[in-house]
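Analysis of the macromolecular model
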Amino acid sequence: MSYQEHARILFSLSLSLQKQTLCIPAGEAKSGILASTEEYKFVEQLISPSRVPFPPKHDGPSPFGWNPPSEVPLALPHMICRSRMHNVPASEKDVKEYLQQLTGKHLPTQVNEVTMTFRVKGHFDTALKEWLVKKGF
Amino acid sequence: MSFTKKPGGKALDILQNLPRITLANLRPEPGTKKAEKKRGRGQHGGNRSGRGHKGERQRGNRPRLGFEGGQTPFYLAIPKYGYNEGHSRRAQYQPLTLNRLQYLIDLGRIDPTQPIDLTQLVNGRGVTIQPQKRDYGVQLVGEGAGIFAAKVNIEVQMASEEAIAAIERNGGIVTTGFYDPRSLAVLCKPVPFFLSGQPIPKRMLPGEDMVPYYTDAANRGYLADPEKIQKARIALAQKYGYVLPDISKDELFHMLFMRKDPRQIFFGLSPGWVVNMTEKKILKPTDDKLLQYYNS
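Model, not experiment: these values are computed from the prediction.

1. Here's the deal with helix H11 (residues 226-240) of chain B
Residues and elements named next belong to chain B. The end-to-end C-alpha separation of H11 is 21 Å, in line with the 21 Å expected for 15 residues at 1.5 Å each. Among the residues making up H11, those that are buried are Pro226, Ile229, Gln230, Ala232, Arg233, Leu236 and Ala237. Axial view of H11: buried residues confined to an arc of 160 degrees, hence all on one face. What points out from H11, more than 90 degrees from its buried face, is the exposed set Lys228, Lys231, Gln238 and Lys239. On its buried side, H11 packs onto helix H7 (161-169) and strand S5 (173-176). Positive phi shows up at glycine 241, right after H11, with a value of about 75 degrees.

2. Let's talk about the confidence of the model for chain A
Residue and element names in this part refer to chain A. Put simply, chain A has an average pLDDT of 62, and 42% of its residues get 70 or more. When pLDDT is averaged over each helix and strand of chain A, the minimum, 69, is found for strand S2 (residues 109-112) and the maximum, 93, for helix H1 (residues 40-46). This stretch, residues 1-30, has a pLDDT under 50; its non-local contacts, to residues over four places away or in other chains, come to 46 contacts. Within the model, pLDDT remains below 50 along residues 71-88, and this stretch shows 36 contacts once partners closer than five positions in the same chain are excluded.

3. Structural notes on a positive patch on the surface
Residue and element names in this part refer to chain B. On the surface, a cluster of positive charge is contributed by Lys37, Arg39, Arg51, Arg57 and Arg62. Tracing the chain through its elements places arginine 57 in helix H3 (residues 55-59). Among the residues examined, arginine 57 registers a relative accessible area of 56% and is labelled exposed.

4. Focus on the environment of His87(B)
Residues and elements named next belong to chain B. In this structure, histidine 87 sits in the loop between helix H4 (74-77) and strand S1 (92-97). Once the C-alpha coordinates of histidine 87 and threonine 97 are considered, the two residues, 10 residues apart in sequence, prove to be 24 Å apart. Engagement of the side chain of histidine 87 in a polar contact is seen with the backbone oxygen of asparagine 84, the distance being 3.0 Å.

5. Considerations on the pairing of strand S7 (residues 281-285) of chain B
Looking at chain direction, strand S1 (residues 33-36) of chain A and S7(B) are connected through 4 bridges and run antiparallel. Residue Leu34(A) lies in a different strand from S7(B), and its bridge partner there is Lys284(B). Note that strand S6 (residues 274-276) of chain B and S7(B) share 3 bridges and pair antiparallel. Directly across from Val274(B), in S7(B), lies its bridge partner Leu283(B). Count of turn residues in the S6(B)/S7(B) antiparallel hairpin: 4 residues, of which Lys280(B) carries a positive phi of about 55 degrees.

Cut-off values and rules
Residues numbered from 1 in each chain as written. Chains lettered and ligands numbered in written order. Predicted model: local features only at pLDDT ≥ 70, side-chain atom pairs only at ≥ 80, totals over all residues. Heavy atoms only, no water. Helix = DSSP H or I, 4+ residues; strand = E, 2+ residues; numbered from the N terminus. Expected span 1.5 Å × (residues − 1). Buried < 20%, exposed > 50% of the residue type's maximum accessible area, 1.4 Å probe, protein only. Arc of directions from axis to C-beta. Contact = heavy atoms within 4.5 Å. pLDDT = per-residue confidence, 0-100. Patch = residues over 30% accessible without salt bridge, like charges linked within 9 Å, V, L, I, M, F, W, Y side chains within 5 Å. Areas by Shrake-Rupley, 256 points an atom, 1.4 Å probe, with all protein chains shown as cover. Salt bridge = Lys/Arg side-chain N within 4 Å of Asp/Glu carboxyl O. Lys, Arg positive; Asp, Glu negative; His and termini not counted. Charge placed at Lys NZ, Arg CZ, Asp CG, Glu CD. Polar contact = N/O pair within 3.5 Å; in protein donor to acceptor, adjacent residues only side chain to side chain. Pairing = 2+ DSSP bridges.

Here it is in structure tokens:
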């Protein structure tokens, strides 16, 4: 296995055309430029996607520990969709109940109706994530 | 209750049913406006108005901050040392953990079947690089080496030994390459650069202080000898105790061995070319001097 064969990428060799002159007489416009469309595919690879890509299929949790949403939609009165980055959101009442079971305390929460978010005082992110993932969201 | 919630919800319902809002109807939330403390008024605020009794304190003639009554003050007694000297001129490398890389690959933001470049990382919003703020690229950090399980061909600017080991253990390839600030800006934001109509610049070689780093096989430098890199791979496998997988028998063998020329910024595109995005064409120079310059 040698890197030498693959370590260098060849540059394209151009044909030897007439050199560009300062005063080009009318009717003899020879530009010293080659145009090609073959390598444009490399440019297309560099363009950033404008939409968040769909995650590929995993069997069970991914190596990182991210769980895909369950395929079968659950029979619940409300649907929680994954956030735009395919992470997991939560709803206030359920979370309050769950945390009360977990910690035995009534925790302060603050709801923001406009942005549809709410905050809980305390560090619960991993516990909440696991609980929601178990529920199948 | 319907599952689609209106943003604003109850607050907006209340607003719709109440009379018109005017200045007469508004009041600040209790607790937001605290009354200002007025000096020199009333039984307790008056008399000396909180200034104490005579002396510099009451007369407002205290010495400067840091003065210790004549004793050599702390800020002069301690000797100077250049801890932060030239801090704004130091090269910075944004860390990229293996945890984060795995997360990006799992969520489909980065494609492991193509060589992973700084452009791909920025397009997948994996890292944020600010070339104007003395960022010289991305450094691969070994956090998450235990869970990393992806076979990738990745090119970064710096990499820690554990990170290199983790990637090579999974059959991938790491390369460290140098990008001067202009090339880095072009690499991070290729589309605005192409739209500007300038020819792709050639990547500059590293400065004197970074040449030893990039010619060292242990760092998988792009200027290092390929044979020494091969030996370093075997040595690292022995050090970390894993079997080095044979990449030459891999199906993605060709992709894994794709590497850039030291003067090349993008895969497949040479310096000197102008990209026309509206017409989807690439314009290449034919003048001898230009070719000589760009191919050197």
